[in-house]
Amino acid sequence: MKSQYLQFEQSLANHIKARFPIIYITTWEEERLIELIEQMVNDGDYFKFKKEVFQWSVTKGLEKNGEEEKPELKNSISVLEHIEAYKDDAVFILKDLYFDLKRCCENHPNQTLIRKIKDLVYNLKLSEYSKTIVIVGHDVFVPDDLSKQICLMDFELPNNEEIQKVYKDIIDANKDNEKLRLRVNDEDLKKLSDAASGLTLHEAENALALAITRDGTLSLSDIEAIKEEKKQLIKRTGILEFLSPKIDMKSVGGLNNIKNWIYKRSNSWGSIAKEYNLPSPKGVLITGVPGCGKSLIAKSLSSEWNLPLLRFDVGSVFGGIVGSSEANMRKVIQTAEAIAPCVLWIDEIEKGFTGIGSSGDSGTSTRIFGTFLSWMQEKEKFVFVVATANKIDLLPPELMRKGRFDEIFFVDLPTPIERAAIFNVHLRKKLKNDKILEVDFTEQKYLDVLVEKTEGFTGAEIEQVVISALFEAFDQRRKLTFEDFEKSIENTVPLRITQAENIQAIREWANVRAVSATSMKDNQDENDIAFISDIPEDAKPSPNNSSKRGGRTIDF
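Only a predicted model underlies this, so the values are computations on that prediction, with no experimental measurement involved.

### Digging into the overall build of the protein
Stage number 1. Each helix and strand counted, the protein has 20 helices and 16 strands in total.
Stage number 2. Counting only residues that meet the buried cut, the protein has 49% of its 556 residues in that class.
Stage number 3. Expressed as a percentage of contacts within the protein between residues at least 6 apart in sequence, the contacts between residues at least 24 apart total 80%.
Stage number 4. Summing over all exposed atoms, the protein offers an accessible surface of approximately 27300 Å²; the carbon and sulfur share of this is 48%.

Shown next as structure tokens:
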């Protein structure tokens, strides 16, 4: 069967025909790649004459067509010497050479191996026979001494059609089993394979088999079982976390400007958007006051767009082994693109990219940052990046250039209208049991007082006001009263006091560089005047622009 990866096949065939001596292909799917190479090399569409294909490993030596050819060749030097002396056109797939190259990258150089590879590259170019070495590894381990001699290629994870074929094969193989109930049509099969995107064929097969064995049934409901298996596999990388947020935009009080921006771009990566010749959105950078809804927007966006959400901790990329940090970043990008379309959430991005350009880590952070920037600029698959930052001034200016993110949004302290909306969300969510309520606190007369008393509170502080009030009532096993809310508010020291200077500095930065996440109709002038009215004199920031909210207000 002809592979779906025609672009990869054609590129690999061209490299072999151009007589590239050594090609290093990164993949987790060794067997699938070997099968593809064997099919390709014997396909008349690519090569006029057939080539022999050999496989080598440290356990079986050299093999051809699944049979032992030279079992005594168990080390790297011996097989390279055999390749050099071999007198015919051939492709040699070396499955374990990358282990020796990895050791060379980890400050354990094997000078004999490096010299042998350098000499072999030169000899293969001049040989009368067309011989190509294909190194297979799960990641790139190329010593600096060989960086100019080895060509690198990536073998992508299977696409939807390949996963569908495997799933169909499983169904066909079990259709006569009376103990199994297979209740899927072609459309269901496509949705199941979509859910398994980002997995290797082996992992996708395991996920489906596990879903079937749980209840003896295969149906569309098994999508959740496949997603759960995928979540565990991604979690094992230690870098990305697969989240399943159960909140939507209705759970976000206020911030209507950014919400409208998100609504208008729903499904903008699909086929209909292509009819309008629209580019897919790249992402947003959200900065502002801590506790005002930046992370909530990232989670609710995933639910609104019905896309998988991956959380990326930039700090976890950095490893102790030389080259491992760069490899981890490539793994993040590869995994995100394999699961695309998806949302990649980078929380507090400034913590990962602070100090770029310093010499303390031999340039590792600069290289990782450069890789991330290049990918942000050039990525073709739909991975929507949501980056949040509390200290925007710590970020490198290159990250905020147009073309990386579609927009930079500023989230300020909530206005009265937004505080009312936030109270509504939390009151309705937490006060569902009428038996513990003295009155209906969502009535406008109570909301008005709560809004007035919580001037300058963040969304997180408002949530804690509700929770603390509930604890007051719970402690005495009585109904919740309005006095409980008042006591909770009085006992709260808001960020507008403890972080007054920092908030003012963020506002001044955002006033000319970012778009306000609050809509114009919610951003009323009378809401802006009293930001520092209750702050002690010695804690007040400079009076310049003290009443001005940060961020340009644009109604999308």
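### A word on the environment of Leu399
Stage number 1. Mapping Leu399 onto the fold places it in the loop between strand S14 (383-389) and strand S15 (407-411).
Stage number 2. In the structure, Leu399 is positioned 46 residues away from Phe353 in sequence and 9.5 Å away in space, judged by C-alpha atoms.
Stage number 3. Beyond its immediate sequence surroundings of up to four residues, Leu399 is in contact with Ile349, Phe369, Phe372, Leu373, Arg404 and Phe405.

### Things to note about the nonpolar core
One broad trend across soluble globular proteins is that nonpolar side chains are buried collectively.
Stage number 1. By size, the foremost hydrophobic cluster in this structure holds 39 residues, and its most contacted members are Leu285, Leu310, Phe312 and Ile349.
Stage number 2. Breaking this core down by element, the ones donating at least two residues are strand S10 (240-243), strand S12 (309-312), helix H13 (324-339), strand S13 (342-346), helix H14 (364-378), S14, S15 and helix H20 (500-513).
Stage number 3. What Ile349 contacts, discounting residues up to four positions off in sequence, is Leu285, Ala387, Thr388, Ala389, Leu395 and Leu399.

### Details of the sheet that holds strand S5 (residues 90-94)
Stage number 1. Reading across the sheet, the 7 strands line up as S4-S3-S2-S5-S6-S1-S7 and stay open at both edges, with mixed pairing between neighbours. Bordering the open sheet on either side are strand S4 (67-70) and strand S7 (151-154), each of which pairs with just one other strand. Taking each pair of neighbouring strands and ignoring which way they run, the sheet shows an average axis angle of 30°.
Stage number 2. Taken together, the 4 bridges between strand S1 (residues 22-26) and S7 define a ladder with parallel strand orientation. When the bridges of S7 are listed, Thr26 appears paired with Asp154.

### Topic: the pairing of strand S6 (residues 131-137)
Stage number 1. With 7 of 7 residues buried, S6 is to be regarded as a mostly interior element.
Stage number 2. Of the two faces of S6, the one lined by Lys131, Ile133, Ile135 and Gly137 and the one lined by Thr132, Val134 and Val136 are each fully buried.
Stage number 3. Bridging between S1 and S6 involves 5 bridges; their strand directions are parallel. By the bridge assignment, Thr26 is partnered in S6 with Gly137.
Stage number 4. Inspection of the sheet shows S5 paired to S6 by 5 bridges, in the parallel sense. Within S6, the position partnered with Ala90 by the bridge is Lys131.

Basis of the calculations
Residues numbered from 1 in each chain as written. Predicted model: local features only at pLDDT ≥ 70, side-chain atom pairs only at ≥ 80, totals over all residues. Heavy atoms only, no water. Helix = DSSP H or I, 4+ residues; strand = E, 2+ residues; numbered from the N terminus. Buried < 20%, exposed > 50% of the residue type's maximum accessible area, 1.4 Å probe, protein only. Contact = heavy atoms within 4.5 Å. Areas by Shrake-Rupley, 256 points an atom, 1.4 Å probe, with all protein chains shown as cover. Core = buried A, V, L, I, M, F, W, Y, C linked by side-chain atoms within 4.5 Å. Pairing = 2+ DSSP bridges. Axes fitted to C-alpha atoms, helices over the stretch in contact; angles between N-to-C directions.

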